[in-house]
Amino acid sequence: MTQQKNIPDNLTKIIYDYLFLFEFLKLLKPKNSLEIGVYKGLTFQLLHKYSKHSLGVEINYENKSRYSYPQEWDIVFKDSFLLTQDDLGSNKFFDFIHIDGCHGYEAVINDLEKCLPHINNTTIICVDDYTHMKEVSDGVKTFMKSNKKFFLKSIGISQAFFVTGESEIIFDQTVANFKKEMVTLLQLKPILKTMINPVDETDMYVIEKLSKEKQFAYLQNTIKDYLKLSHISNLV
């Protein structure tokens with residue numbers, strides 16, 4: 001039996017989920033995207049790169065100097081409970097929303113409800129930490145009870161995607177266009193549960209091996225970004 005890892009509290013994206021988002025956003029090319037909970041910027045740098053416009057909300061608003069974000073990033077520093085429609089853009093709708101803020105039950109409901117005026121039938125929502133944090137999944141389920149047009153579409157290792165009938169078509173079309181190499185890679189799901197801060201030698205080996213496989217050579221820069229934001233960029 002495999003021994004349970006002692007996982008640090010400050011982990012963000014598992015590499016499987018990160019690579020799925022990379023391929024998905026690269027193909028989706030959202031007109032407008034939003035992230036609540038920017039943290040180190042691992043997901044937001046993908047949103048910024050592949051969206052026409054991306055907006056991030058960093059909820060650690062009292063410590064703006066904690067992370068040095070690129071100047072071109074559009075970041076609002078604010079407690080998400082205090083967000084207004086003006087903060088998110090009056091009359092603006094988001095094609096893709098990533099929720100990764102405070103992980104408490106009430107906070108998750110709040111973050112989704114604050115997004116409601118900016119959601120339409122083509123919006124795709126991704127919620128991080130859905131599978132392993134009960135308060136997150138319970139918050140989402142409560143939200144969906146009063147917003148029945150959204151339903152669970154897909155689950156990664158930690159993240160989950162929610163769509164409407166219309167945005168499900170967009171989701172399916174996007175995934176259908178994944179590169180065959182990426183599909184092959186994502187089929188390795190059981191061994192890609194590697195956290196952003198590798199916690200043992202096996203994790204380090206998987207990342208190094210992945211970055212050097214010929215068929216995944218096109219992912220070199222993506223993996224470098226992944227490692228850079230986790231402060232272990234000397235691996236590649």
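Not measured: the values here are computed from a predicted model.

(A) Broad picture of the confidence of the model for the chain. Per-residue confidence for the chain averages 85 on the pLDDT scale, and 83% of its residues sit at or above 70. Within the model, the stretch residues 1-9 combines pLDDT values under 50 with six contacts to residues more than four positions away or in other chains. Segment residues 232-236: pLDDT under 50, and 13 contacts once partners within four positions in sequence are set aside and those in other chains are kept.

(B) Summary view of the packing of aromatic side chains. Applying the stated criterion across every chain, the model contains 12 aromatic pairs. Among the aromatic residues, those joined into a cluster by ring pairs are Phe 20, Phe 24, Phe 96, Phe 161, Phe 171 and Phe 178.

(C) Here's a closer look at the pairing of strand β5 (residues 124-127). Covered by surrounding structure in β5 are Ile 124 and Cys 126 together with Ile 125 and Val 127, the residues of both alternating faces. Taken together, the four bridges between strand β4 (residues 96-99) and β5 define a ladder with parallel strand orientation. Bridge pairing in β5 places Ile 99 opposite Val 127. Looking at chain direction, β5 and strand β7 (residues 160-163) are connected through three bridges and run antiparallel.

(D) Region of the structure containing the sheet that holds β4. The mixed open sheet is built from seven strands, whose spatial order is β3-β2-β1-β4-β5-β7-β6. Edge positions in the sheet fall to β3 (75-77) and β6 (151-155), since each of these pairs with one other strand and no more. Taking each pair of neighbouring strands and ignoring which way they run, the sheet shows an average axis angle of 20 degrees. The sheet contact formed by β6 and β7 spans four bridges and is antiparallel. Bridge pairing in β7 places Leu 152 opposite Phe 162.

(E) Fine view of the packing of helix α4 (residues 105-115) against helix α5 (residues 134-145). It is the contact of α4 with α5, at a shortest axis distance of 8 Å, that shows an interaxial angle of 45 degrees. It follows that α4 is oblique to α5 by the angle criterion. Crossing handedness for the pair α4 and α5: right-handed. Where α4 approaches α5, its residues Tyr 105, Val 108, Ile 109, Leu 112 and Glu 113 are matched on the opposing element by Glu 135, Val 136, Asp 138, Gly 139, Val 140, Thr 142 and Phe 143. Grouping the amino acids of the contact of α4 with α5 by side-chain chemistry returns seven nonpolar, two polar and three charged.

Conventions used here
Residues numbered from 1 in each chain as written. Predicted model: local features only at pLDDT ≥ 70, side-chain atom pairs only at ≥ 80, totals over all residues. Heavy atoms only, no water. pLDDT = per-residue confidence, 0-100. Contact = heavy atoms within 4.5 Å. Phe/Tyr/Trp six-rings, centres within 6.5 Å; stacked < 30°, edge-to-face > 60°. Buried < 20%, exposed > 50% of the residue type's maximum accessible area, 1.4 Å probe, protein only. Helix = DSSP H or I, 4+ residues; strand = E, 2+ residues; numbered from the N terminus. Pairing = 2+ DSSP bridges. Axes fitted to C-alpha atoms, helices over the stretch in contact; angles between N-to-C directions. Parallel < 35°, antiparallel > 145°, perpendicular 65-115°, else oblique. Left-handed = near helix turned anticlockwise from the far one by under 90°. Nonpolar A, V, L, I, M, F, W, Y, C, P; charged D, E, K, R; others polar.

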